[in-house]
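Examination of the molecular architecture
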Amino acid sequence: MIALTVVLLVLHFLSKDTDDSNNNIAQEAKYWVGVGRADCTGPVAQVPLMGYANPEQVGGGLLSRLYSRAFIVADPQRSKRLVFVSADIGMVSQRLRLEVLQQLRSKYGGLYGQDNVILSGTHTHSGPGGYFQYTLFWITSKGLIRPALSSIVNGIVKSIDIAHENMKRGRLFINRGTVENSQINRSPFSYLKNPESERNRYSSNTDKEMVVLKMVDEDGHELGLISWFAVHPVSMNNSNHLVNSDNVGYASYLFEQEKNKGMLPGEGSFVAAFASSNLGDVSSNTRGPFCASTGESCDNPQSSCPVGGAAMCMAQGPGKDMFESTRIIGQNLYLKAKELYEEASQEVTGPLSSAHQWVNMSDVSVELNATHRVKTCKPALGHSFAAGTIDGVGAFNFTQGSVEGDPFWDQIRDQLLGEPSNETKACHKPKPILFSTGEMTWPHPWHPDIVDVQIAAIGSLAILAVPGEFTTMSGRRLREAVKSEFDSHGTRGMNVVIAGLCNVYTHYITTYEEYQVQRYEAASTIYGPHTLSAYIQLYRGLAKAIALVSSISYISKLCFARSLSGLKCHRRWGCACAFSACLNLVFLFQTEHNFLTVEKYSSISSSWRAVLNDASWDTRWVFYWSKGSRGQSNVTIEWHIPAGAEPGVYRLRYFGHYKKRLLLLGTVTVPFEGSSSAFHVAAP
């Protein structure tokens, strides 16, 4: 008998209070609630971006700030707590999570730990990389980049600190509704392999439902919200070089600007998180895939074009460019969340509980039925992994849907990395293995074996913290199984939501049927064809437990001369001003300190006032590095003036650092700032 290896199982729960006095406070605060937001942007120039695995996609500036948004819910005695964090990053790594937990332990002792803290990434593909410990992710991220890792860790911890310090008696409300015109299934041919009877139960091949959790204090004052919705934040494509939070970040931006009126982005007490869910096969490029070479559709099983192959097949829309597409999708999400938030009336009540488990995912024995047992595999990636998706194409001649290996690439792999074992090949069938990452340990392990799974329950809301990207049907099966488990043990009516990309990243999780097709998502299901069955078994176990108890960086330093050039303005497209500065990498990110501001002149006070900063959607900070005899770099800051901009006198202001050599002290770094000339914005 193959035993299920469980390294650690932690259960925390609150017993149901049978005191009749609880029945008399239906309209009073049920919990203590705290919300917090902190900057976690990190480096914005000369740093690899995480998401498309494209080594040429290097940060070259800033479109929008990245934030960590933290939410703490505690029971009335504040003895039991749950923390949910949604961070504007690609995904959460084990190293990132462990460093966050270490800092929390040093500050709060055992109050916040692995059992009651969930860290979730929004999955933006335009944030800095370099915060993983596994070798596979080092290849495109150029190793471990400590400035990026530290910025994310510190931002997450600070957001939790703020939430902790601002806890107050509050109430929670849940609502759900349908979002239209914001997603497509990017692997519909895989989805069609699921049983017809199962598919007929659903009206769409994507999950269109958004779940919103509204938070207010005991007086009804608004605190924040968490929205869960399944969509890939890939409106900004792999040609983008500006750090940003993509469509879900833009939705947060719109909601927070609406609620924090008169405040600059990143300021104000209201916090709105648009968190990830089962987005594995869901694209925000709603016009679908077209051949860049010919313009014809390439919506076929291989996502390939007659001219140029798979590398030419790319999804588009809904806008004319990636900036407009980001706006459109983000606004759709914001408007639906706003509607659900305003109409939320179903109150969340009940005990807090959580279950957390470490498990060796490379060796899970799964009982499919009374007579049939299967097991998971050592991690491995298939050939179609290298093909990429219609949101971000791969390289060379790889195509999606490959169920046979390529002798040319297999021979190169065998020579450089070693041939996969027969056991691993057999376990992963029909996946043709490109990288047998579970058997590769130099210079460090390439993929995790030990993974943590987690459920947090706030009364009737169960949050499944999943360590990867579940496809649409995988997520449906998981939610249904967990809800059924709760029901069977007397905890009925649970609202089950999936929080994606939590705690550790294990790529994708497809259904067994989707796995047979071996498109990108299946080739990236690293623990083999029975991965989903294993996760369902594990999460059912966590749900049952809750119900029963009721509860090396490779980036070089940069140095340039300091100068300032003139301002160029145009009422239709905005203003741009160019600067250059002597910079060291550490100063290419300024957490909670602006690179730029747009300032408006007040004739009443005879002073300038910042009205926009580098977190504002209409501003862009673009860094260009050009090696020359003087080693100069150019920084261009832009303000794309919106139609509703208030007429008046404005200027652009830039903040940077340069290096100065002193006779006795050597080289020191000196801050500087520069302003453009004043310019007028007239009424349209």
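Structure first, text after, so check above.
Calculation notes
- Each chain has its residues counted from 1, following the order in which its sequence is written.
- The predicted nature of this model means local features are confined to residues of pLDDT at least 70 and side-chain atom pairs, given and counted, to a pLDDT of 80 or more, with totals for whole chains, interfaces and linings taken over all residues.
- Only heavy atoms go into the side-chain values, all of them from the structure, while hydrogens and water stay out.
- Helix and strand definitions follow DSSP, with helices as H or I runs of at least four residues and strands as E runs of at least two, each counted in order from the N terminus.
- Exposure classes here rest on a 1.4 Å probe applied to the protein chains alone. A residue is buried below 20% of its type maximum, exposed above 50%, and partly exposed in between.
- Under the convention used here, a 1.4 Å probe and the Shrake-Rupley method define accessible areas, while residue burial counts only the protein chains that appear.
- When two rings of Phe, Tyr or Trp (its six-membered ring) have centres within 6.5 Å they constitute a pair, described as stacked for plane angles under 30 degrees, edge-to-face for angles over 60, and tilted for the intermediate range.
- Look at NZ for Lys and CZ for Arg. If either is within 6 Å of the ring centre and within 35 degrees of the ring normal, a charge sits over the ring.
- Working definition of a nonpolar core: buried Ala, Val, Leu, Ile, Met, Phe, Trp, Tyr and Cys residues. They are joined through side-chain atoms within 4.5 Å.
- In this analysis, two residues are considered to be in contact whenever any of their non-hydrogen atoms come within 4.5 Å of each other.
- Note: two strands are recorded as paired if DSSP finds a minimum of 2 bridges between them.
- Salt bridge, as used here, is a side-chain nitrogen of Lys or Arg placed within 4 Å of a carboxyl oxygen of Asp or Glu.
- Axis angles are defined between N-to-C directions and span 0 to 180 degrees, where every axis is a line fitted to C-alpha atoms and, for a helix, only to the segment in contact.
- Should an angle fall under 35 degrees it is called roughly parallel, over 145 degrees roughly antiparallel, and 65 to 115 degrees roughly perpendicular, with every other angle called oblique.
- Crossing chirality is assigned from the near helix's rotation relative to the far helix, an anticlockwise turn below a right angle marking it left-handed and a clockwise turn marking it right-handed.
- Residues are sorted three ways: Asp, Glu, Lys and Arg are charged, Ala, Val, Leu, Ile, Met, Phe, Trp, Tyr, Cys and Pro are nonpolar, and all the rest, Gly among them, are polar.
- To count as a disulfide, a pair of cysteine sulfur atoms needs to be within 2.5 Å.
- Here a polar contact is taken to be a pair of N or O atoms separated by no more than 3.5 Å, where protein atoms must pair a possible hydrogen donor with a possible acceptor and residues adjacent in sequence count only if both atoms sit in side chains.
- Each helix should span, by expectation, one fewer than its residue count multiplied by 1.5 Å.

Within the chain, the regular secondary structure consists of 13 helices and 36 strands. Relative to its full complement of 684 residues, the chain shows a buried share of 59%. Per element, the accessible surface of the chain, about 26,700 Å² overall, is 51% carbon and sulfur.

Evaluated as defined, the whole model comprises 23 aromatic pairs. For Lys214, the ring lying beneath its charged end belongs to Tyr341, and the centroid distance is 4.6 Å. Above the ring of Tyr202, the side-chain terminus of Arg476 is found at 3.9 Å from the ring centroid.

In terms of nonpolar packing, the biggest core is built from 79 residues, with Leu96, Tyr535 and Tyr539 touching the most fellow members. The dominant element in this core, judged by the number of residues it contributes, is helix H13 (residues 531-548), at ten residues. Excluding its chain neighbours within four sequence positions, the residues that come into contact with Tyr539 are Val453, Gln454, Ile455, Leu464, Ala465, Val466, Pro467, Leu478 and Val482. Core analysis: the second largest hydrophobic core is formed by 29 residues, Tyr31, Phe84, Ile118 and Met215 among them.

Moving on to the pairing of strand S16 (residues 313-316). On S16, burial follows the alternation: Cys313 and Ala315 on one face are buried, whereas Met314 and Gln316 on the facing-out side are not. The sheet contact formed by strand S15 (residues 288-291) and S16 spans four bridges and is antiparallel. Residue pairing for S16: Pro289 is matched across the bridge by Ala315.

Summed over all chains, the structure comprises 36 salt bridges. Of the charged contacts in the structure, one is a salt bridge between Glu209 and Arg176, with a shortest N-O distance of 2.8 Å. Note that Glu209 is positioned in strand S11 (residues 209-217) and Arg176 in strand S9 (residues 168-178), a separation of 33 residues in sequence. Here Glu209 falls in the partly exposed class, since its relative accessible area comes to 40%. A salt bridge links Glu324 to Lys320, with the nearest nitrogen and oxygen atoms 3.7 Å apart.

The next thing to look at is the packing of helix H1 (residues 94-108) against helix H3 (residues 146-165). In the contact formed by H1 and H3, the axes pass within 10 Å of each other and the chain directions differ by 45°. Overall, the two elements H1 and H3 adopt an arrangement that is oblique. When the axes of H1 and H3 are compared, the crossing they make is right-handed. On the side of H1, the interface is formed by Arg95, Leu96, Glu99, Val100, Gln103, Leu104, Lys107 and Tyr108, while H3 contributes Arg146, Leu149, Ile152, Val153, Asn154, Ile156, Val157, Ile160, Asp161 and His164. Across the contact of H1 with H3, the residue classes break down as ten nonpolar, three polar and five charged.

Applying the stated criterion to the full structure yields three disulfides. At a sulfur-sulfur separation of 2.2 Å, the disulfide partner of Cys291 is Cys305. Negative torsions about the S-S bond denote left-handed disulfides, and the value of about -105° found for Cys291 with Cys305 makes this one left-handed. Of this pair, Cys291 sits in strand S15 while Cys305 sits in the loop between S15 and S16, placing them 14 residues apart in sequence. Exposure class is identical for Cys291 and Cys305. Each is buried.

Of note, Arg201 is situated in the loop between helix H5 (196-199) and S11. Judged by relative accessible area, which is 48%, Arg201 ranks as partly exposed. Only 2.2 Å separates the side chain of Arg201 from the side chain of Glu480, close enough to count as a polar contact.

This part covers H3. With 20 residues, H3 extends 28 Å between its outermost C-alpha atoms, agreeing within 8% with the 28 Å of an ideal straight helix rising 1.5 Å per residue. Among the residues of H3, those classed as buried are Ala148, Leu149, Ser151, Ile152, Val153, Gly155, Ile156, Val157, Ser159, Ile160, Asp161 and Ala163.

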